[in-house]
Amino acid sequence: MRTISESVRYWSLVQALVARHLAGRYRGSVLGFVWSLLNPLCLMAVYTLVFHIYTRFDGTNHYTLFVFCGLLPWVWTQSTLIEGTSSIAGSGHLVTKSMFPPHILPLVSVCTGLVHFLLSLPIFFIFTFFLGGEVSWTLLLLPVVVVIHFCLLYGLVLAGSSLNVFYRDVQHLVGNLLSLVFFLCPIVYPVTQVPQAFSWTLRANPFAVIVQLYHGVLLHGTVPSAELFGIAVCWAVISLVIGAAVFNRYRDHLAEAL
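**Points about empty space enclosed by the protein**
Right, on to step 1. Inspection of every chain in the model, using the stated rule, returns one cavity of 30 Å³ or more.
Right, on to step 2. Contributing to the lining of the largest cavity are Pro73, Trp74, Thr77, His149, Phe207, Ile210 and Val211.
Right, on to step 3. At the level of elements, α4 (63-85) and α10 (206-220) are the ones that each hand at least two residues to the lining of the largest cavity.
Right, on to step 4. Looking at side-chain class alone, the lining of the largest cavity contains five nonpolar, two polar and no charged residues.

Quick look at the structure:
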């Protein structure tokens, strides 16, 4: 609660840092924000070509929308964990200032990814319109899913960013793990393709749960089960509790280590 309350208290600082980060990322770029869309669009094209045309994978309707719907939250997850893990170690000039709250830096990474995710949603709805998909009233549940996803990511980057100050292998470990976890999430395949004996992995993987929630409210127009929502909330709470505990364990030594 201390970490969360301080994050709220410094919200104006978070907004300023997010704006500076976004402005710095696209400074001198002709296409600007379009670059953040090219990655999921290119991946969507490649996965659609390979799994829907080359291998004739027909396990779901509107396969292109299915992949795009899963890629958008995954890009948020991937960019946040990679940038957030190195956020404190890469900003030693700020952390060493006595009054600067270091836990703001991981929060900035999560918020920056959230901005990109929200700005990418209109592109998804445009694809939905032209490819014959439908937008359901379940879209009203999207803010709930986004909040759960946000809390999950914030807890993870809190722990990862503080550990990375002392063990720089963490940032490399995160990058490699994400490459593996991607294929354990139902992004390029529907959950119906997972053998029954391994269906438990879809609950044990918090990112797979999050992707299923997005598929339900954005793509399928169905309300995810209470069990799925409950599992997602549990993962988010566990992430926040462990993340805050790890961060508070090391926070007094961050400036000295940097």
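Right, picking up where we left off after that structure.
**Some thoughts on helix α8 (residues 169-181)**
Right, on to step 1. With 13 residues, α8 extends 18 Å between its outermost C-alpha atoms, agreeing within 8% with the 18 Å of an ideal straight helix rising 1.5 Å per residue.
Right, on to step 2. Among all positions in α8, only Val170, Val174, Leu178 and Val181 are buried. Taken down its axis, α8 places every buried residue within 75° of arc, on the same side. The outward face of α8, more than 90 degrees from its buried face, is lined by the exposed residues Asp169, His172, Asn176 and Leu180.
Right, on to step 3. The inward-facing, buried residues of α8 abut α4, α7 (142-166) and α10.

**Some remarks on the packing of aromatic side chains**
Right, on to step 1. Tallied over the entire structure, the rule returns eleven aromatic pairs.
Right, on to step 2. Ring geometry for Phe124 and Phe125: centres 5.7 Å apart, planes at 65°, overall edge-to-face.
Right, on to step 3. Classification of Phe124 by relative accessible area gives buried; the value is 1%.
Right, on to step 4. When the centroid spacing of 5.0 Å and the interplanar angle of 40° are considered together, the rings of Phe166 and Tyr250 count as tilted. Of this pair, Phe166 sits in helix α7 while Tyr250 sits in helix α11 (residues 226-250); the two residues are 84 residues apart in sequence, bridging distant segments of the chain.
Right, on to step 5. Given the relative accessible area of 18%, Tyr250 is considered buried.
Right, on to step 6. Ring pairing ties together the aromatic residues Phe68, Phe124, Phe125 and Phe127, which thus form one cluster.
Right, on to step 7. Geometry around Tyr250 places Arg249 over its ring, the cationic atom sitting 5.1 Å from the centre.

Conventions adopted
- Every chain is numbered independently, its residues counted from 1 as its sequence is written.
- Side-chain atom pairs in this predicted model are given and counted only at pLDDT of 80 or more, local residue features only at pLDDT of at least 70, and totals for whole chains, interfaces and linings cover all residues.
- The basis for the side-chain values is all heavy atoms of the structure; hydrogens and waters are excluded.
- Here a cavity is any set of points on a 1 Å grid over the protein atoms alone where a 1.4 Å probe fits but cannot get out, and a pocket is any open set with protein on both sides within 12 Å along at least 5 of 7 lines; a residue lines the site when it has an atom within 4 Å of a point.
- Grid points are joined across faces, edges and corners, and a volume is the space filled by probe spheres set on the points.
- Numbered from the N terminus, helices here are DSSP runs of H or I no shorter than four residues, and strands are runs of E no shorter than two.
- By the convention adopted, Pro, Cys, Tyr, Trp, Phe, Met, Ile, Leu, Val and Ala count as nonpolar, Lys, Arg, Asp and Glu as charged, and the other residues, Gly among them, as polar.
- Expected helix span is computed as 1.5 Å times (number of residues minus one).
- Buried, partly exposed and exposed residues are distinguished by accessible area as a fraction of the type maximum, computed with a 1.4 Å probe on protein chains only: under 20%, between the cut-offs, and over 50%, respectively.
- For this quantity, the arc is that covered by the directions from the helix axis to the C-beta atoms.
- The contact criterion used is simple: two residues touch if any of their non-hydrogen atoms lie within 4.5 Å.
- Two aromatic rings from Phe, Tyr or Trp, using only the six-membered ring of Trp, form a pair when their centres are within 6.5 Å; if the ring planes differ by under 30 degrees the pair is stacked, by over 60 it is edge-to-face, and anything between is tilted.
- Placement of a charge over a ring requires the Lys NZ or Arg CZ to be within 6 Å of the ring centre, with the centre-to-atom vector within 35 degrees of the ring normal.

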